[in-house]
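# Coordinates in review
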Amino acid sequence: EDVHRLGEVVISLKGKVGSLEQNLRQGAEHVTDVEGAVVSMGKQLATVKQVFTDMQNTQGRMLTLELGDRDRKSRRLGRDGDS
């Protein structure tokens, strides 16, 4: 009878181990999916950051050009006013 019970326990453990293995595989797949999503989000954030950086650089150049134009105009006005 002890041998019979031992057999039942072994069969039960085999089923639990199989189920545990399946759950571990599914968990690993979920982790892989999440890692992929995080990498994708990182790439998207890098792209957005680059766009904002480019916009700031463009605005800075435009501001520099505008200030340069104003300086040239004021110098011209100063010369014109002197005549």
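Residues numbered from 1 in each chain as written. Predicted model: local features only at pLDDT ≥ 70, side-chain atom pairs only at ≥ 80, totals over all residues. Heavy atoms only, no water.

## A word on the overall build of the protein chain
Counting its regular elements, the protein chain contains one helix and zero strands. About 7,700 Å² of surface is accessible on the protein chain, with carbon and sulfur atoms providing 60% of the total. (Helix = DSSP H or I, 4+ residues; strand = E, 2+ residues; numbered from the N terminus. Areas by Shrake-Rupley, 256 points an atom, 1.4 Å probe, with all protein chains shown as cover.)

## A word on the pattern of salt bridges
Under the defined criterion, the tally for this structure stands at one salt bridge. Between Arg-5 and Glu-1 there is a salt bridge, with the nearest N and O atoms lying 2.6 Å from each other. Judged by relative accessible area, Arg-5 falls into the partly exposed class, the value being 48%. Of the residues examined, Glu-1 reaches a relative accessible area of 70% and is grouped as exposed. (Salt bridge = Lys/Arg side-chain N within 4 Å of Asp/Glu carboxyl O. Buried < 20%, exposed > 50% of the residue type's maximum accessible area, 1.4 Å probe, protein only.)

## Re a nonpolar patch on the surface
On the surface, a nonpolar cluster with roughly 360 Å² of combined accessible area is contributed by Val-48, Val-51, Phe-52 and Met-55. Mapping Val-51 onto the fold places it in helix α1 (residues 2-82). On the accessibility criterion, Val-51 (42% relative accessible area) is partly exposed. (Patch = residues over 30% accessible without salt bridge, like charges linked within 9 Å, V, L, I, M, F, W, Y side chains within 5 Å.)

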